[in-house]
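Understanding the architecture of this molecule
So you can see what is in the structure, the chains are spelled out below.
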Amino acid sequence: MILSVDESQALAPELVMVAGIILAIIVPNLGDARVRLPLTSMRVPILWGGRRFELTSDPRAPGVLSAIALAIACLLSGLAIESADGMSISGVIQVTGFSRFMTMVFTAALAITAIASIYRIPSTRLLPEDLIDPDDSVESSLMDNRRQVDLYILLLMVALGMSLMALSSDLFFLIVCLELASMASYVLVGFHKETEVGGEAGAKYFIVGSIASATGIYGMSLLYIWSGSLDFDTLAESWSSMGELEPLAGIGVGLMLVAFGFKVSAAPFHLAAPDAYSGTNAPIAGMLATASKAMGFVAMMRVLIGFAGPNDGVIAWGFALAILAVITMTWGNLAALSSENPKRMLAYSSVAHAGYMLAALAALGSGLADSDTQDMLQMAIVFHLAVLVLFKLGAFLVLTLIEIDGGGNKISDLHGLARRDPIIATSMFVFMLSLAGIPPLSGFLSKFLMINGLVTTTSGTGALDADGVIPWLQSVDPFFLLAIAIVLNSALSLFYYLRIGLVMFFEKPGSESPLSPALGLRVLVVVSMIFTVLFGMGPASQWLLALIETAIASF
Amino acid sequence: MGDKHQQEWNLLLPLLPALLIVPILAVLGVEPLDLGFAAILAPFLMFPIVLLVGQIWNGNDIWVGKLKEGGILALASLAVSLIAAFWMIVHFLSLHEKKVHGDSITWLNFDVLSHDGTQWSVDAGFTNISFGIWLDSVSIMLLFVATFLCFLICWFAIGYMTTDEINSNRNHRFFAEFILFSMGMFGMVLADSFLWLFIFWEIMGLCSYLLIGFYYWKESAAAAAKKAFMTTRVGDVFLMVGLLMLYDIYGSLDFAVVFDDPSTGVGGTVVEASKLQPALLMLFIGCVGKSAQFPLHVWLPDAMEGPTPVSALIHAATMVNAGLYLVARMVPFVDVYHHGVPGMEELGLIVAWIGGITAFMAASIAFVQNDIKKVLAYSTMSQLAYIFLGLGSALYLLAADHHHAGYFVLGGALFHLFNHAMAKGMLFMASGSVIHEVHHAHHDLHHHGHNDDHHEEFDPQDMRNMGGLASKMPVTSIAMMLGSMSIIGIPLIGGFWSKEAIIAETWLGALEYEPLLLGPAILAVMTAGMTGFYMTRMWMMTFAGQPKHEASAHVHESTPWIKTPLVTLSIVTATTGALLASMHVGEFLSGEEAGFHLGVVDALKHTFFPEKQALMVVGYITIALSSLVGPIIAMKVHGGKLADGESANGMVAWLVGLSAAFKPMDVSGMANSRLADSLQNRLHFDDIYQWTISKTITPMSAFSAWFDANVIDGIVKLVERTSVSGSMWIRTYTTGNTRDYILMAAVGALSIFVLIVGVSQ
């Protein structure tokens, strides 16, 4: 299958990623190898194998390559948001502003992950004399060097799978792309297979993930039986022509919810997530918490709003999702409360955030939302997914910085961080405040948009002549309670977010030594911190919201 | 020495660009009125710069040597304010209008949600809070006083603060807070609404706390700061209540709305005195706190714990004038000649009585103080009380529709504010100069030579350690002499012009219209005599006689940073009284040009040959008491020749000689009496307050503390414990076993299935 010029232009970010994968394979193998032409004594250089060039033998090359490829892809997809015109390719891909926006979010998160990985999994060029007397450290750096390529190829695969998933206009293609990204991420989770927790985390994540996927695929097959096609348009037609909920359709969507629920780590499918986060290294955990979660939500929106939306006919999943949302946020926050491992804590916080977004999604499924409030809620979800890349991933970047020196698995590793490195500690504190939803940070704006959408959608159902809070609450639609649940949970979550600030600023540091210099990582942390603030208030946030509005319009 | 001075002057070069800012703005077409924003913004923007840079560059050579730890930057920002103020004053005077109101900048817009029984509705832009510049004769006078004195005091502080080792590496904090304080005063004077007046008022309250407690590691300084803050807070609460009442009456706190016609309230209703008067009384209590009047005066003497420039700043340029300014702002409410609300005579009487009582009380306490700054503190209190007395008389006379006399005394009171600010600013700086030099002399003695048994507590502020400084500190002694003369009211100098107007018109009011004014009027005359005594006493104890401590014998005069403002203010004090009086400043300040003319000849005539016989008697008694009786007694008790071989210049020498000519008088019997003892204890006000608080507020707060610790914390702890145990419980489901995870996923899948099918059935 050959792409036309227009089509390849529209798919430019994906093509860049494919090119990145190919280059990542080829480049480290470039060398001065020659081959003798048969029957002659002529040796022709073929550049493949042999003694590596200085540049290509540098173990850092794949990391830099993939970071550049992802950054270019991010830029290209960002530029294409306004101009995407819904071009359909091969019947399974539709290039819309929404999918380009999501590609931008995915690739941005992956690019940051790639840069962080360059520092996290060090690649040192070894001198020949090191190899004569190999000790432990040499061995481990050899191991690190050897798997550089694998890591970055996997990262690029994840990005490719995610962005194709966002583009898909066919349920089957969506699942395939989702699995491409998921499979790659399972391997990434178990990347440190030589450590006990690493292997265990990878295996657990893989097993539970496979079961969830299998359930989802089973659901998809039921939908195929019910509708006869997996094209979203056809599915939407069948759904809206359905008088009452047909069991096959209901069960199919429900089973797909299980698969996506695992991806967004909604309770009770989230249980493997904290293990995975704490078992893997911080950049990968950050990737799971942001890009992977965004992928799950996009898939969920594609299915639930894309064709099974309540306005087209049957109100099916809103209530189930609402219950799931409340359980998810409460479970996440409660479990995070007593976590002593910062990565676990962030994992649970990410579960809680999934709960907030599920609540917004549930309100969309309540059938109460008109087109205005529908846009509001979708904007809230997408905005949250986008800014999560800043402050959730930012927090993981700080943990990466600590991990480089061997810590990062205990909250005590954060003790006195403000004294060791005030800028990093301040950034971490800003990330925590943003996660908690403190104004004027972007975490506040996203939570505010969600609660605003929920309240606007549901409060109109309350009795206008009620003369007290209680009678009004009794008359209002139960979906309104989701807003209250979010507020109460936010109050609960403050405890563990602020605790991080407390230990960073007031505890005595375990070691006085400064953090590793990792300049690129520091720049990323500070830039994330600045954008966390900027996207919370003022012109930058207006710009982002306008961009998201454009994207949502083409959903 | 010359080289060193040259270098010090070079430090001022960075000021030059700052001097150009306002002219450039004006050339660029900024309205002169909008320069008020520049006057406020310059110090406001410099405040964080000085603070942060000072924190980062702490101890840096350039920062300490060239920028004087931020002092130069602070001075530059105050220079911008000063020039902007000049520009605005010239502009205002050229307009020949009574008041000018600039365009306001809207700050906040409030939408109001209302419910009419069936429907909720939103009134967009229901009310907004805006900030603009309001200029009239009162505000430009105070603007000039504030900007001019803040600039000079900052100049002085550069010399005073940076030469003392105890302050090194802390001065940036001082200068940052200093300019924030100044900004508060500028903003308060220029604000066009009571709300902004209140906001800036509170900024000053905060800064006074910070600056009085500048030496926070000294327990007494920390306590004094707390005392000042808490005492003014009592007043501020009343002020806020008063403002809310005003808002209730007028529906706005903007001057433009309120003063347009004070007799018409919100929606065109007629304002009743019974509603307005309590509101104004509340405002007045706020002023009493801020200006340290009886009974909220207790913080002012303790405020001397701050560095001396702070005392000068609080007592002359800024904080205490805020209360006076607010009382002067009340005039349109009572002025029945111009739309005032009739029937509020009591307000003026109360203000006048408070003024009279405070004037007398403070002057009597000042009799026995030995700390040079404390004498000045009580003198401030007493002189402010004069101004309150004048304002009170004005309020009464205007409310009673005697507008001629009312405007006269109003102008006099505001003029006294000006004179007092200039003189007191200078006196504090002069006292600072004395303290600084005595301290350094003692320090030098201590380190060079007498490093033996010299460890007794030495207080460089105690006048009992001074004496005979006239020959060693010529500039300071002349400055202090002129300042004291202005405060005493020696004929033809500074405060004389304004004080006479206050006393004469109060007596006029008492004799002709309202016998109740007689009390404050008599107190005012007695206080005038007492002022003569204690100011002379202070000067004599410091400058005349023999040195009473060896440190005082080794004093020499200080850096140009300290001298320049003293010289400037000496000239101002000596000349502006007569100059401004001849320019009809009184009627200008009262905002009333119609009617009478008070040129210098008229002023002299008014003072010395008034039409009413009674006033003439009062006038001469006052002059005799304040200029002759008080000073002569003080000279008899504390005067004396300088040490042999020391000589002072001209007038000072004459004064010292004069004091020696009087026969010494022994007052030790009186000094040990019970009256003197209770005066030493500040008439036991602090003890009474202490006792009252320990009987009322302490038990209440003990109960609150118990309630907080047990009930409120108990609830919080309960929530915490529940959450933590919930957390522990929910964690037991995360077993770590993959098969449990799969089981949970299966349970989840089934529940989703049940929920979807169940709901849709």
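Residues numbered from 1 in each chain as written. Chains lettered and ligands numbered in written order. Predicted model: local features only at pLDDT ≥ 70, side-chain atom pairs only at ≥ 80, totals over all residues.

Per the secondary structure count, chain A includes 23 helices and 4 strands. Pairs at least 24 apart in sequence give 77% of the contacts found in chain A among residues at least 6 apart. (Helix = DSSP H or I, 4+ residues; strand = E, 2+ residues; numbered from the N terminus. Contact = placed C-beta atoms within 7 Å.)

Once that is clear, we can look at the overall build of chain B. Looking only at helices and strands, chain B has 32 helices and 4 strands in total. Buried positions account for 53% of the 761 residues belonging to chain B. (Buried ≥ 20, exposed ≤ 12 C-beta atoms within 10 Å, placed from the backbone.)

Let's shift gears to the interface of chain B and chain A. If you look at the interface, chain B gives 26 residues, while chain A gives 35 residues. Contributing elements (two or more residues each) for the side of chain B that touches chain A: helix H31 (697–731) and helix H32 (738–760) of chain B. Residue contributions to the side of chain B that touches chain A peak at 15 residues, all from H32 of chain B. Considering only residue class, the side of chain B that touches chain A consists of 15 nonpolar, 10 polar and 1 charged. (Nonpolar A, V, L, I, M, F, W, Y, C, P; charged D, E, K, R; others polar.)

Bringing helix H6 (residues 137–161) of chain B into the picture now. Side chains three or four residues apart in an α-helix point the same way, a direct result of the helix having 3.6 residues per turn. In a regular helix each residue adds 1.5 Å, so 25 residues correspond to 36 Å; H6 of chain B covers 35 Å between its end C-alpha atoms and thus fits that length. Counting buried residues along H6 of chain B, 24 of its 25 residues qualify, which places the element largely inside the surrounding structure. (Expected span 1.5 Å × (residues − 1).)

So, on to the environment of Asp231 of chain A. All names here are of chain A. Checked against the element boundaries, Asp231 lands in the loop between helix H9 (196–227) and helix H10 (232–240). Separated by 58 residues in sequence, Asp231 and Phe173 have C-alpha atoms that sit 9.3 Å apart. Apart from residues lying up to four places away in sequence, Asp231 is in contact with Ser169 and Asp170.

This brings us to the packing of helix H15 (residues 342–365) of chain A against helix H16 (residues 371–404) of chain A. Residues and elements named next belong to chain A. Here H15 crosses H16 at 175°, and the two axes come no closer than 10 Å. As judged from the angle between their axes, H15 and H16 are roughly antiparallel. From H15, Pro342, Lys343, Leu346, Ser350, Met357, Ala360, Leu361, Ala363 and Leu364 reach across to H16, where they touch Gln374, Leu377, Ala380, Ile381, His384, Lys392, Ala395, Phe396 and Leu399. Each residue belonging to the contact of H15 with H16 can be placed in one class, and the counts come to 13 nonpolar, 3 polar and 2 charged. (Axes fitted to C-alpha atoms, helices over the stretch in contact; angles between N-to-C directions. Parallel < 35°, antiparallel > 145°, perpendicular 65-115°, else oblique.)

This next bit is on helix H4 (residues 97–120) of chain A. The end-to-end C-alpha distance of H4 of chain A is 34 Å, a good match for the 34 Å that 24 residues give at a rise of 1.5 Å each. Most of H4 of chain A sits inside the fold, with 24 of its 24 residues counted as buried.

This paragraph deals with the packing of helix H5 (residues 71–95) of chain B against helix H7 (residues 171–190) of chain B. Residue and element names in this part refer to chain B. Two elements in contact, H5 and H7, have axes whose closest approach is 9 Å; the angle formed by their N-to-C orientations is 10°. Classed by the angle they form, the pair H5 and H7 counts as roughly parallel. Note on packing geometry: the crossing formed by H5 with H7 is left-handed. Contacts between H5 and H7 involve Gly71, Ala74, Ser77, Leu78 and Ser81 on the former and, on the latter, Asn171, Phe175, Phe178, Ile179, Ser182 and Phe186. Split into classes, the residues belonging to the contact of H5 with H7 amount to 6 nonpolar, 5 polar and no charged. (Left-handed = near helix turned anticlockwise from the far one by under 90°.)

Moving on, we get to unusual backbone geometry. With an omega dihedral of 0°, the bond running from Ala267 of chain A to Pro268 of chain A counts as a cis peptide bond. Tracing the backbone shows Pro268 of chain A in the loop between helix H11 (247–263) and helix H12 (272–279). Going from Phe294 of chain B to Pro295 of chain B, the amide bond is cis rather than trans, its omega being 0°. Of note in this structure, Ser90 of chain A is not a glycine but carries a positive phi near 60°.

So, on to the environment of Gly265 of chain B. Residue and element names in this part refer to chain B. Looking at the element boundaries, Gly265 is found in the loop between helix H10 (255–258) and helix H11 (273–290). Overall, Gly265 belongs to the buried group, with 20 C-beta atoms counted inside 10 Å. For Gly265 and Tyr250, which are 15 residues apart along the polypeptide, the C-alpha to C-alpha distance reads 4.5 Å. Excluding its chain neighbours within four sequence positions, the residues that come into contact with Gly265 are Ile249, Tyr250 and Val271.

What follows covers the confidence of the model for chain B. All names here are of chain B. Overall, the prediction assigns chain B a mean pLDDT of 80, with 90% of residues at 70 or greater. In this model, residues 450–455 is a region of pLDDT below 50 whose contacts with residues beyond four sequence positions or in other chains number 3 contacts. pLDDT under 50 marks residues 594–600. Its contacts with residues more than four places away, or in other chains, come to 14 contacts. Model confidence for the complex: the whole-complex pTM is 0.69, and ipTM, which rates the interface, is 0.86. (pLDDT = per-residue confidence, 0-100.)

The nonpolar side chains of a soluble globular protein tend to be buried, and buried together. Residues Ile153, Cys154, Leu391 and Leu395 of chain B are the most contacted members of the largest nonpolar core, which totals 244 residues. If you tally residues by element for this core, the top one is helix H18 (residues 403–447) of chain B, at 22 residues. Residues in contact with Leu395 of chain B, not counting those within four places in the same chain, are Met330, Val331, Val334, Leu347, Gly348 and Val351 of chain B. If you look at the next biggest cluster of nonpolar residues, it comprises 215 residues, including Ala114, Leu288, Ile381 and Ile500 of chain A. (Core = buried A, V, L, I, M, F, W, Y, C linked by C-beta atoms within 7 Å.)

Take the environment of Val368 of chain B next. For Val368 of chain B, the position within the fold is in the loop between helix H16 (345–366) and helix H17 (372–399). Ignoring sequence-local partners within four residues, the contact set of Val368 of chain B consists of Ala676, Leu679 and Gln680 of chain B.

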